[in-house]
Amino acid sequence: MVTLQHYLFLSAALFTLGVIGVMFRRNLIVILMSLELMLNAVNLTFIAFARYLGSVEGQIIVLFVMVVAAAEVAVGLAIAVTVFRQRGSINVDEVNLMRW
Amino acid sequence: METVLFYILGTITLASAFCVVFLQRPIHNVLFMIITMIGIAGLFILLHAEFIAMVQLIVYAGAVMVLFLFVIMLLNLDQLRLSHDSRAARRWVGVVAAVGLLVLVAPIFRAFTPRGGTGTLMLDKAGQISNTEVVARELFTTYLLPFEITSVLLLAAIIGAVILARKRSGKTAKG
Amino acid sequence: MTDLVWLIPVFPLIGFLINGLIGRRFPEKAIGWIGTASVGASFVVALFIFLELICMAPDSRSVQKIVYTWMLSGDLNVPIGFLMDPLSMIMMMVVSGVGCIIHAYSIGYMHGEVGFRRYFSYLNLFVFNMLILVSANNFLLMFVGWEGVGLCSYLLIGYYYEKKSASDAGKKAFVVNRVGDFGFLLGMFLIFVTFGTFNYTEVFGAATEKLTQGGTMVTLITLLLFVGATGKSAQIPLFTWLPDAMEGPTPVSALIHAATMVTAGVYMVARCSILFAMAPISLTVVAIIGGATALFAATIGITQYDIKRVLAYSTISQLGYMFMACGVGAFASGIFHLMTHAFFKALLFMAAGSVMHAMSGELDMRKMGDLRKKVPYTHWTYLFGTLAIAGIFPFAGFFSKDEILYYSFQRHEGFWIVGAVAAIMTSFYMFRSVFMTFYGQSRVDHETAHHIHESPPIMIVPLMILAFLSLVGGLVGIPIFEGLNRFGDFVAPVFAPAKAIIEHGAHHDGHHSVSMELILMGVSLAIAILGLLFARWMYVSDPGVPERVIQKFPRLHKLVYNKYWIDELYDFLFVNSIVNFSRFLWKAFDEAVIDGIVNGTGAVVRGWGNALRWIQTGLVRDYALSFLVGVLVVIGYLVLR
């Protein structure tokens, strides 16, 4: 019997993996991907709740999240491209002009 | 049956996610990401969200990941080797924090019993009404306004992406 | 017309507002005439009310008009009200009349000055305050006028504010006044505590009930009020500001420091005559200080060479006479002398201004001489003023001063002696100034001699008007013959209660001996003429005499010439300690503590900023880390609650 708890654990684990990816990796592209991972984990949570609560609101929110994620990826990758063109590197540590 | 499927799909998804985070070459990361997406789509279907699952496959796995691939190919990033990370120690703090988050939240899940719900999922009529119709029923009535606003959001994103990624003549930054 | 009494102070106020606020573009003539006309209008209204009062029966000549209730709080009820009785009407007419004449004179005197508009605005403001002072029907409103004239005095003395000595003089005047005002305020507080009201009629009406004759309360009140008077009217010990006040323009000296502001103290004492009558100790104090000041200032006046200084010390001396008159119970005489003094002192100052005008600003009499042919009108008017102040029959000063001397004699011979000696000195130094300036050999240096010219009519006509008044002004107060003392009869009802109290407690029989009075009159005249002859001998016939006298008494001369070193004494006793204390407060407290706190706050903020800036590494991942930590904290808090 698969309970809500199972799904919640799973999505929590996925979310944590995503956070680790954002913290650990220096490649900008990979960071963006970890971000996507986190968003997916959240989507999973929403759908799980929709299922166990019997309301479709969860699924609708997921739709919106996907829209936002898509938009964010588009813009984020555009920024990554620009940064690469300017600095020749995709290393996030080198994008530090705003330091003190 | 459901349990078995859940565990299979769950394992696949988790393993792929692990690979996404820890593998070195970006191409590998992207490919494993696609597998993760498919896994999650499977889980969606398990959760009676067929429409969303399809949207996931089409949009995420089909478009977003392909976009990632394009960018990697375009900028020839696969060959890039990053210098030694001078601040690795700091990152461990982040890892600890993330795991800590997980640990913190876990106990709640145990005691969690979902309550409430609007019954709009119409699981009892699963045979007669498709998930698509169920979603549409809510989306175009109660949530019509957010729906329209997201189209504006997408417009803004498109314009932003186009402007940002344009190849500039010389080095002068425009407006 | 009595209903319109509020117009009297309001006209000059309007003049002040017009000239002050919108007169920037007006031509000089407009500004000057607006100022003069406003005061003139006040005089006209005052005159009408005066005539109305005359038509009333002598006992009912006291009208009050309340325009507005200013403060109403518990027991305290202070209205904006005006009292029209003989005393206040006389004061109002003197202030507005002489004020109007001086305004007209100023149009000529201040011609070409940069701050012309400022001058006239302040002058109008001053007249406004002075009229409030004399027409108020309660102590608090009078105090408003009192403070106001102090302020205007400061503003006008420091008119040439770019000159350090001038601004210092203004400051000195204000601060010394303030010391007096402190006493005045304490006196007012005691009045309120005793009577529960500030209103004149209520206070004076209840005086005999609420206060004991000769008791401590009434003595305290009157002494404190008198302290205020000494400050405002430059008596011992608060007179040091008046000679310095000569830094201001000459018409200012004429108006404020001769005719009006300095007389406010005398007016106040006269107004409170009942209270003073009930406190014989205070009366004696007033008389003694008045007499002492009269003598003291006269001695200093003898040695001064600056023509305005001579007149300043003469003012202090004459004010002493007025206080001495009040002190011996002759309040009416004091006010009479106030009026005649306003005429001739204003005249003298303005004539001196005319001399300065002719001499291109020279003040030192040692550089003058033999001017009488060159500036005839100035010479004659100045001479009239001198004859008046010296008390030569039939000029105004003779009658008023003689009355004072007579009543002083009645009270105690000692007062008469002081008064007589001061009178001879007055005559002497005034004629000395006449002879040094207009007669004898010319000691004018060549440059100035070329430019000597008579003053324009706008300045001469006011002089002539005042000269005329100095001649006939005394005729309203001819003593002895019944019915000719119009002045005395007019103001008598105001002082009647006080006189009754004094006569009641008087030991000697106050018989009005006609022969005694005639004898004393003769003596006064003789004294004055003696002074004249003495001066003529020393300065015209034998100009070397002064030098020889100075050489014979070098130390005495030095003492008197330097004003008995009183200024230096005050500096040593009071001023220096206050200045040093202020300096200490500045360095130790203001700089160290207050600046320390302010700067310290800044330093703390800067320190924190310095420490916290290390967080801004510019690395995206570090910021993400902060996000995560933050989220952790929040969720942790919510979970563990």
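Let me sum up the structure you'll find in this document. None of the values given here were measured: they were computed from a predicted structure.

Cut-offs used in this document
Residues numbered from 1 in each chain as written. Chains lettered and ligands numbered in written order. Predicted model: local features only at pLDDT ≥ 70, side-chain atom pairs only at ≥ 80, totals over all residues. Helix = DSSP H or I, 4+ residues; strand = E, 2+ residues; numbered from the N terminus. Buried ≥ 20, exposed ≤ 12 C-beta atoms within 10 Å, placed from the backbone. Contact = placed C-beta atoms within 7 Å. Core = buried A, V, L, I, M, F, W, Y, C linked by C-beta atoms within 7 Å. Pairing = 2+ DSSP bridges. Nonpolar A, V, L, I, M, F, W, Y, C, P; charged D, E, K, R; others polar. Expected span 1.5 Å × (residues − 1). Axes fitted to C-alpha atoms, helices over the stretch in contact; angles between N-to-C directions. Parallel < 35°, antiparallel > 145°, perpendicular 65-115°, else oblique.

## Re the overall build of chain B
Thought 1: Scanning chain B from N- to C-terminus turns up six helices and zero strands.
Thought 2: Secondary structure of chain B in N-to-C order comes out as α-α-α-α-α-α.
Thought 3: Within the span of chain B, comprising 175 residues, buried residues form 25% of the whole.
Thought 4: Sequence-distant contacts in chain B: of pairs separated by 6 or more residues, those separated by 24 or more amount to 51%.

## Examining the overall build of chain C
Thought 1: Within chain C, the regular secondary structure consists of 26 helices and two strands.
Thought 2: In chain C, which comprises 641 residues, the proportion classed as buried is 50%.

## Considering the nonpolar core
Thought 1: Membership of the largest hydrophobic core comes to 205 residues, with the highest contact counts inside it found for Phe-126, Val-269, Ile-335, Ala-346 and Leu-347 of chain C.
Thought 2: Looking at this core, the element that brings in the most residues is helix 15 (residues 331-358) of chain C, giving 18 residues.
Thought 3: Residues within four places of Phe-126 of chain C in sequence aside, it is in contact with Val-149, Cys-152, Leu-156 and Ile-256 of chain C.
Thought 4: Residues Val-19, Phe-46 and Val-56 of chain A together with Ala-157 of chain B belong to the second largest nonpolar core, which totals 75 residues.

## Some points on the pairing of strand 1 (residues 63-73) of chain C
Residues and elements named next belong to chain C.
Thought 1: Both strand 1 and strand 2 (residues 76-84) contribute to a ladder of nine bridges, which runs antiparallel. Looking at strand 2, one finds that Ser-73 is bridged to Leu-76.
Thought 2: Counting the residues between successive antiparallel strands, the hairpin from strand 1 to strand 2 contains two residues, one of them, Gly-74, with a positive phi of roughly 65 degrees.

## Description of the interface of chain B and chain A
Thought 1: Opposite the 67 residues of chain B that make contact, chain A presents 61 residues.
Thought 2: At the level of elements, helix 1 (2-22), helix 2 (26-46), helix 3 (50-75), helix 4 (88-110), helix 5 (131-139) and helix 6 (144-165) of chain B are the ones that each hand at least two residues to the side of chain B that touches chain A.
Thought 3: The class makeup of the residues in the side of chain B that touches chain A is 48 nonpolar, 14 polar and five charged.

## Here we look at helix 20 (residues 457-472) of chain C
All names here are of chain C.
Thought 1: Across its 16 residues, helix 20 extends 22 Å between first and last C-alpha, which sits within 8% of the 22 Å expected from 1.5 Å per residue.
Thought 2: Among the residues of helix 20, those classed as buried are Met-459, Ile-460, Pro-462, Leu-463, Leu-466, Ala-467, Leu-469 and Ser-470.
Thought 3: Packing partners of the buried residues in helix 20 comprise helix 3 (86-109), helix 15, helix 16 (376-390) and helix 17 (396-411).

## Thoughts on helix 16 of chain C
Residue and element names in this part refer to chain C.
Thought 1: Taking 1.5 Å of rise per residue, the 15 residues of helix 16 would be expected to cover 21 Å, and the 21 Å separating its terminal C-alpha atoms lies within 8% of that figure.
Thought 2: For helix 16, the buried fraction is high: eleven of the 15 residues fall into the buried class.
Thought 3: Those residues of helix 16 that fall on the buried side of the exposure criterion are Thr-378, His-379, Thr-381, Tyr-382, Phe-384, Gly-385, Thr-386, Leu-387, Ala-388, Ile-389 and Ala-390.
Thought 4: Those residues of helix 16 hidden inside the fold are in contact with helix 14 (307-327), helix 15, helix 17, helix 18 (413-438), helix 20 and helix 22 (514-541).
Thought 5: Just downstream of helix 16 lies Gly-391, where phi reads positive at about 85 degrees.

## Digging into the packing of helix 8 (residues 216-232) of chain C against helix 11 (residues 264-271) of chain C
Each packed pair of helices is defined by two parameters, the angle between the axes and the distance between the axes.
Residues and elements named next belong to chain C.
Thought 1: One can describe the packing of helix 8 onto helix 11 by two numbers: an axis separation of 7 Å at closest approach and a directional angle of 155 degrees. Classified by the angle between their axes, helix 8 and helix 11 sit roughly antiparallel to one another. Together, Leu-225, Phe-226, Ala-229, Thr-230 and Lys-232 of helix 8 and Ala-264, Gly-265, Met-268 and Val-269 of helix 11 make up the contact between the two elements.
Thought 2: Taken together, the residues of the contact of helix 8 with helix 11 sort by class into six nonpolar, two polar and one charged.

## Quick notes on unusual backbone geometry
Thought 1: Cis rather than trans, the peptide bond between Ile-236 of chain C and Pro-237 of chain C has omega equal to 0 degrees.
Thought 2: At the junction of Phe-393 of chain C and Pro-394 of chain C, the peptide bond is cis and its omega measures out at -5 degrees in the coordinates.
Thought 3: You can see Pro-394 of chain C is positioned in the loop between helix 16 and helix 17.
Thought 4: The phi angle at His-48 of chain B is positive, at roughly 60 degrees, despite the residue not being glycine.
Thought 5: For His-48 of chain B, the position within the fold is in the loop between helix 2 and helix 3.
Thought 6: His-48 of chain B sits in the buried class, given 21 other C-beta atoms within 10 Å.
Thought 7: The backbone of Ala-234 of chain C sits at a positive phi, close to 55 degrees, despite the residue not being glycine.
Thought 8: Here Ala-234 of chain C shows up in the loop between helix 8 and helix 9 (241-244).
Thought 9: Residue classification places Ala-234 of chain C among the buried residues on the basis of 30 C-beta atoms within 10 Å.

## Let's talk about the packing of helix 16 of chain C against helix 18 of chain C
All names here are of chain C.
Thought 1: The N-to-C vectors of helix 16 and helix 18 enclose an angle of 170 degrees; their axes lie 9 Å apart at closest approach. Comparing their axes, helix 18 and helix 16 come out roughly antiparallel. Residues His-379, Tyr-382, Leu-383, Thr-386, Ile-389 and Ala-390 of helix 16 lie in contact with helix 18, whose contacting residues are Thr-426, Ser-427, Met-430, Phe-431, Val-434 and Phe-438.
Thought 2: Here the contact of helix 16 with helix 18 is composed, by residue class, of eight nonpolar, four polar and no charged.

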